[in-house]
Amino acid sequence: MFKIALVCGRTGLLALAVVMTIAAADPLAAQGSRSLQDREQERSDDEARQKTLDPRVAEDLLEAYKALENQEYDKSLERLNQLLNRRGESMKPFDKASVLQIRGTVHVNLDNMDRALEDYAAALELDALPADQQNRLRFNMAQIYFINERYREAIRLFEEWMQADVEVTDTTYFMLAASYYNLEEYEQVIEPIRKAIETASKPEKRYYDLLNSTYSQLGDIEARTRLLEEMVELWPGELAYWRQLSSLYSEQGDQMKAFAALEAAYVNGLIKEESDIILLAQYYSTFDNPHRGAQLIAREMEAGRVERTVENLELLSQLWSQAREHAKAIPVLREAARLSDEGELSFRLGQALLANEEYDKAEQAFVAALDKGGLSDERTAQAWLLLGNARFSQAGPGDREQRQSAAEAFARAEQFGSTRRQAADWRQYIRAINQTEARQAALEREQSEVLEKSARERLQTACRARELAGQKLTEQCRELLSEGEQGGGDAG
């Protein structure tokens with residue numbers, strides 16, 4: 001709701017001229033017949049007397065006026081009340097209107113606006129004051145009606161006052177426009193508020209604010225956009241204007257201008273709120289500059305203006321990833337995943353670590369994702385499948401235990417339709433590896449046994465040759481020859 005204080009000072013609401021003119025009787029008035037010119041002059045003099053204070057009224061009124069000027073409002077009011085009580089019925093209209101006019105001003109200074117309106121209205125109804133003073137009463141009443149939120153009466157009197165030959169100030173246009181605004185007659189606001197802006201000696205923010213709000217109420221986006229473009233030039237330090245302009249550009253589908261307006265506010269040091277900073281970072285991403293967006297959030301997190309929440313950390317990691325800064329994205333995503341109660345971010349962390357060939361850490365992330373839960377069936381299936389991949393990638397040759405752990409994860413993934421085929425293929429592949437390794441191991445054992453037997457036979461032959469030659473036998477030779485004899489005996 002738009003309000004303003006009384007435009008003029010309280011005692012300056014009206015100008016009082018206390019004229020103490022005593023009309024003297026014409027000595028020739030009783031003489032015989034009078035000429036036409038004499039009669040016209042007499043009528044003119046009579047009218048003048050009607051617009052001149054009675055000396056007895058003027059004396060009391062002057063005392064009351066002095067008290068008003070000295071800010072002795074109660075004293076002034078008491079004298080005026082006494083004057084009206086004593087002479088009210090006998091006063092001619094001009095005298096009474098003058099007293100009511102002064103008393104209304106006293107009521108204004110005593111913050112009794114209702115009584116002030118009563119006195120001003122009574123004085124205006126007498127229609128005894130000069131035309132300019134009558135019109136000034138309308139203006140004063142219009143201001144009081146405005147302050148008292150009686151906007152319909154304010155509009156009526158402002159418009160009556162403006163019909164005379166008066167100089168309308170920008171403030172008056174503003175009060176008239178604000179009255180229409182508060183009555184929700186927005187179409188009627190446009191003309192007077194534009195005149196207020198045109199008439200003002202320098203730009204007034206409240207005038208522009210009222211027009212801006214009016215365009216908003218009317219849904220006139222184009223006019224409001226043009227106005228805000230002007231407002232940010234006049235008051236570049238007003239963040240609210242930049243925000244509104246950016247929002248209007250966005251509403252009209254011009255995201256580049258929306259981004260430019262918000263960036264201009266940031267460059268000028270106006271943006272401090274987290275929501276604005278996050279929005280600006282998202283704009284950087286939209287316009288293919290995720291690196292700058294990530295730098296912005298990281299810098300503002302360091303400054304403490306952006307909290308390290310799950311959502312903000314997730315956005316930061318996404319921006320680093322978009323900028324192909326994976327080494328920076330992973331630690332941020334790890335922090336976000338640790339703060340999150342659901343498994344989604346742990347799942348994403350696992351994906352990033354798997355792509356980075358950090359298989360043991362990827363395994364930990366996928367296990368955490370499944371333990372936390374909150375994943376869709378599709379995500380759960382993928383988590384089991386990727387967990388199997390991470391485990392399998394850690395298995396070395398012959399590491400059947402590690403491959404078995406991977407096979408168990410693939411078995412869980414096989415329970416879901418979306419990953420059943422892949423998981424089954426992986427399990428078949430693991431079985432094939434195990435079978436190949438088993439056959440290879442058997443073959444190697446067989447080969448080893450043949451080689452070992454051949455070696456023993458050669459050594460036995462050598463030992464027998466030493467025995468036949470009468471050479472001293474080693475303990476190993478004696479054992480081998482003994483084994484050979486036993487074997488021969490058994491065979492026989």
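In this report, we go over the structure that sits alongside the text. (Residues numbered from 1 in each chain as written. Predicted model: local features only at pLDDT ≥ 70, side-chain atom pairs only at ≥ 80, totals over all residues. Heavy atoms only, no water.)

In terms of helices and strands, the protein chain carries 23 helices and zero strands. When burial is assessed residue by residue, the protein chain has 40% of its 492 residues classed as buried. Pairs at least 24 residues apart make up 54% of the contacts formed inside the protein chain by residues separated by at least 6 positions. When the accessible surface of the protein chain is summed, it comes to about 27700 Å², and 45% of that surface belongs to carbon and sulfur atoms. (Helix = DSSP H or I, 4+ residues; strand = E, 2+ residues; numbered from the N terminus. Buried < 20%, exposed > 50% of the residue type's maximum accessible area, 1.4 Å probe, protein only. Contact = heavy atoms within 4.5 Å. Areas by Shrake-Rupley, 256 points an atom, 1.4 Å probe, with all protein chains shown as cover.)

What follows concerns helix α13 (residues 255-267). When the terminal C-alpha atoms of α13 are compared, their 18 Å separation across 13 residues agrees well with the 18 Å that a helix rising 1.5 Å per residue should span. All buried positions along α13 are accounted for by A258, F259, A261, L262, E263, A265 and Y266. Elements that come into contact with the buried residues of α13 comprise α12 (239-251), α14 (274-286) and α15 (290-303). With its phi angle positive at about 75 degrees, G269 sits one or two positions after the end of α13. (Expected span 1.5 Å × (residues − 1).)

All right, on to the nonpolar core then. Judged by nonpolar contacts, the single largest core of 129 residues is most densely connected at V99, I193, L210 and I297. Top element by residues in this core is helix α8 (residues 170-182). It accounts for eight residues. C463, L473, L480 and L481 belong to the second-largest nonpolar core, a separate cluster that totals five residues. (Core = buried A, V, L, I, M, F, W, Y, C linked by side-chain atoms within 4.5 Å.)

Summed over all chains, the structure comprises one disulfide. Each disulfide pairs two cysteine sulfurs, and for C463 the partner residue is C477, the sulfurs being separated by 2.0 Å. Here the disulfide of C463 and C477 is left-handed, its torsion about the S-S bond being about -65 degrees. Residue C463 is located in helix α22 (residues 420-468), and its partner C477 is located in helix α23 (residues 475-491); the two are separated by 14 residues in the primary sequence. On the accessibility criterion, C463 (1% relative accessible area) is buried. (Disulfide = S-S within 2.5 Å.)

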